[in-house]
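Here's the letter readout for the chains.
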Amino acid sequence: MSLATEVTSCRSCGGERPRPFLSLGATPIANRLVRADALDAVDPSFPLEVGFCESCALVQLTHVLPADQIFDEDYPYFSSFSDMLVRHAEKHVIDLIESRNLGPDSLVVEVASNDGYLLKAFVERGIPVLGVEPTPGPAAAAREIGVPTREEFFGAELAQRLVDEGLRADVIIANNVMAHVPDLNSFVEGFSLLLKDDGVVSVENPGVGALLAHNEFDTVYHEHFCYFSTIAVEALMRRHGLELVGVTEFPELHGGTLRWRMGRAGAAAPDDSVARVLAAERAAGLDSFERYGSFGAEVSELQGELRALLTDLKAQGKTIAAYGAAAKGATLLNSTGINTELIDFVVDRNVHKQGKYMPGARLPILPAEALQERQPDYLLLLAWNVKNEIMAQQAEYAARGGKFIVPVPRPVVL
Ligand SMILES: [Zn+2]
């Protein structure tokens, strides 16, 4: 097991060491679920601390793990499992086809294409695609549904090889991956190499503005090296000859997602959204350390409230379960000191997670049916980003008296 290394310079601009503002202690790798036969072993823990680059405004972890510690073959995320994500993706596909006039001579490349759920929608409409997905399980699943997929990490090197093979992309899509990229500059240079002169790059990621505004500290984990503002993205793209031409906000997606559209510098005029979002971010203080500095104290307060609420319910003899064995759940549980003394089990619809245990906290992961069978008094929504979807699915649990606890932006019982 290799150790975490301390960041000495900014991952984007190469400037001075990012200034720390939030420490969540030493926690295990959030996506590394524990198998039943490994319950006796101690999960290795690594510092989880976030800093701010005072040169380019990029928020990033101050300690990082090597990529091979994170994207291993057990990586459990299969995207098709979220209904909301599938609907969001379908709409994006239709928007792109119409706005870019895509057809049989076009090429759509998706970076971190996962199990191919998004590219499949282009394939069904006769538009050529190429997926790039480094994790073997999802890559194989994508090929099975007819989505050609390279099982590799994306960067300048792969982009150049694709160009040498005669490929250039009309559209490059990178959703929820940029935060995971160890070499940001190679990644974005790859966009620049592979993109046709009039092509468009579409990048989606939860925004750091929403993270701060809604206390979404649990979206911090070792796999997320960076937390992006539009200010930081603009600087990163410009360094590689790309220009921000549009920003779309999706407040309900992953706690507040931004979609940035880039073209080659000078190829197309930016729309009004770019100036508007940049001004709003500056007004919110996302370009200065001051705003980030107060965030650490806000998080400690929230964690204290949540722990007190659960401890109090437990003292009253109530039973508590959790919903959503995702990475953010692991951060929330482990950084707040919540384990099986307070919560009996966690449910998740993903069959690949069931039968395993949350890292650190060691909650057993059961199918959602366990809620009907065991009817716990309270259900802590670790997957609060899809709380409406979960509460609709669990109408029967609620009808039988079950209550929901939403942990952020402040713990509340519904
Ligand atoms: Zn920087």
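Residues numbered from 1 in each chain as written. Predicted model: local features only at pLDDT ≥ 70, side-chain atom pairs only at ≥ 80, totals over all residues. Heavy atoms only, no water.

As annotated in an unreviewed UniProt entry, the protein chain carries the name Methyltransferase and is attributed to Pseudofrankia asymbiotica.

Participant: Go over the overall build of the protein chain with me, naming the residues and quoting the values.
Facilitator: Scanning the protein chain from terminus to terminus reveals 14 helices and 19 strands. For 414 residues, the compact-globule formula gives about 22 Å, and the C-alpha radius of gyration of the protein chain, at 21 Å, lands near that figure. Along the longest, intermediate and shortest principal axes, the C-alpha atoms of the protein chain span 65 × 45 × 40 Å. A total of 414 residues make up the protein chain; the buried ones form 55% of that total. Split by element, the accessible area of the protein chain, about 16600 Å² in all, is 51% carbon and sulfur. Measuring between centres, the 36 positive side-chain charges of the protein chain sit 2 Å from its 56 negative side-chain charges. (Helix = DSSP H or I, 4+ residues; strand = E, 2+ residues; numbered from the N terminus. Rg over C-alpha atoms; globule rule 2.2 N^0.38 Å. Buried < 20%, exposed > 50% of the residue type's maximum accessible area, 1.4 Å probe, protein only. Areas by Shrake-Rupley, 256 points an atom, 1.4 Å probe, with all protein chains shown as cover. Lys, Arg positive; Asp, Glu negative; His and termini not counted. Charge placed at Lys NZ, Arg CZ, Asp CG, Glu CD.)

Participant: Run through the coordination of the zinc ion, naming residues and quoting values.
Facilitator: The coordination sphere of the zinc ion contains the protein donors Cys10 (SG), Cys13 (SG), Cys53 (SG) and Cys56 (SG), at a distance range of 2.3 Å. In this structure, the zinc ion is coordinated by 4 donor atoms arranged in tetrahedral fashion, with angles at the metal of 105 to 115°. Within one chain, the residues serving as donors to the zinc ion are arranged as C-x2-C-x39-C-x2-C. Taken together, the residues span a long stretch of sequence, with Cys10 in the loop between strand 1 (5-6) and strand 2 (19-28) and Cys56 in the loop between strand 3 (45-52) and strand 4 (59-61) at a distance of 46 residues. Accessibility assignment for this pair places Cys10 and Cys56 in one class, buried. (Donors = N, O, S within 2.8 Å, 3.2 Å for Na, K, Ca; no water. Tetrahedral: all angles 85-135°; square planar, octahedral: opposite > 155°, others 65-115°.)

Participant: Requested: an account of the sheet that holds strand 4, with residues and values cited.
Facilitator: Reading across from one edge, 2-3-4-11 is the order of the 4 strands in this open sheet, with antiparallel pairing throughout. Only two strands of the sheet have a single partner each, and these edge strands are strand 2 and strand 11 (226-227). Note: strand 4 against strand 11, 2 bridges, orientation antiparallel. Note on strand 11: the bridge partner recorded for Val59 is Tyr227. (Pairing = 2+ DSSP bridges.)

Participant: I'd like to hear about the domain arrangement of the protein chain, residue by residue, with values.
Facilitator: Examined at the domain level, the protein chain breaks down into domain 1 (5-62), domain 2 (79-292) and domain 3 (296-413). Contacts between the two partners involve 25 residues from domain 1, matched on the other side by 25 residues from domain 2. Both sides of the domain 1 and domain 2 interface together cover about 2000 Å² of buried area, and 67% of this is carbon and sulfur. Run the count over domain 1 and domain 2 and you get 0 salt bridges. Taken together, the links from domain 1 to domain 2 amount to 8 residue pairs in polar contact (both at pLDDT 80 or more). (Domains from an automatic or database assignment. Contact = heavy atoms within 4.5 Å. Buried area = accessible area lost by both parts, 1.4 Å probe. Salt bridge = Lys/Arg side-chain N within 4 Å of Asp/Glu carboxyl O. Polar contact = N/O pair within 3.5 Å; in protein donor to acceptor, adjacent residues only side chain to side chain.)

Participant: Could you give me a rundown of helix 8 (residues 272-283), with the residues and numbers involved?
Facilitator: For helix 8, with 12 residues, the first-to-last C-alpha span of 17 Å sits near the 16 Å given by 1.5 Å per residue. Every buried residue of helix 8 is accounted for by Ser273, Val274, Val277, Leu278 and Glu281. Projection of helix 8 onto a plane perpendicular to its axis shows the buried side chains occupying an angular sector of 125°, all on one side. Exposed positions of helix 8 whose direction lies more than 90 degrees from the buried face are Asp272, Ala275 and Ala283. (Expected span 1.5 Å × (residues − 1). Arc of directions from axis to C-beta.)

Participant: Describe the packing of aromatic side chains, with residues and values.
Facilitator: For the structure on display, the rule yields 8 aromatic pairs. Aromatic side chains Phe52 and Phe289 sit 6.5 Å apart centroid to centroid with 55° between the ring planes, which places their arrangement in the tilted category. Linking Phe52 in strand 3 with Phe289 in helix 9 (residues 289-293), this pair joins segments that are 237 residues apart in sequence. Comparing Phe52 with Phe289 shows no difference in burial state: the two are buried. Pairwise contacts between aromatic rings join Phe21, Phe52, Phe289 and Tyr292 into one cluster. Sitting over the ring of Phe225, Arg11 keeps its end group 4.6 Å from the ring centre. Above the ring of Trp384, the side-chain terminus of Lys328 is found at 5.1 Å from the ring centroid. (Phe/Tyr/Trp six-rings, centres within 6.5 Å; stacked < 30°, edge-to-face > 60°. Lys NZ or Arg CZ within 6 Å of the ring centre and 35° of its normal.)

Participant: Talk me through the UniProt feature "domain: C-methyltransferase" (unreviewed entry) in the protein chain; I want residue IDs and the actual numbers.
Facilitator: Per the UniProt record, "domain: C-methyltransferase" (unreviewed entry) is annotated on residues 253-409. Between the C-alpha atoms that bound residues 253-409 the distance is 15 Å, and the span itself is 41% helix and 15% strand. (UniProt positions renumbered as here; feature names shortened; annotations may be inferred.)

Participant: Can you break down the sheet that holds strand 10 (residues 195-206) residue by residue, with the values?
Facilitator: Read across the open sheet, the 7 strands follow the order 8-7-6-9-10-13-12; overall the sheet is mixed. Of all the strands in the sheet, just strand 8 (149-150) and strand 12 (242-250) have a single pairing partner and so form its edges. In this sheet, strand 8 lies alongside strand 7 (residues 129-132) in parallel orientation, the contact comprising 2 bridges. Bridge pairing in strand 8 places Gly131 opposite Thr149. Where helix 1 (residues 83-100) meets the sheet, its contacts fall on strand 9 (169-175), strand 10, strand 12 and strand 13 (257-264), and the angle it forms with strand 10 comes to roughly 160°. In the packing of helix 5 (residues 184-194) onto the sheet, the strands contacted are strand 6 (108-111), strand 9, strand 10, strand 12 and strand 13, and the crossing angle to strand 10 comes to about 150°. (Axes fitted to C-alpha atoms, helices over the stretch in contact; angles between N-to-C directions.)

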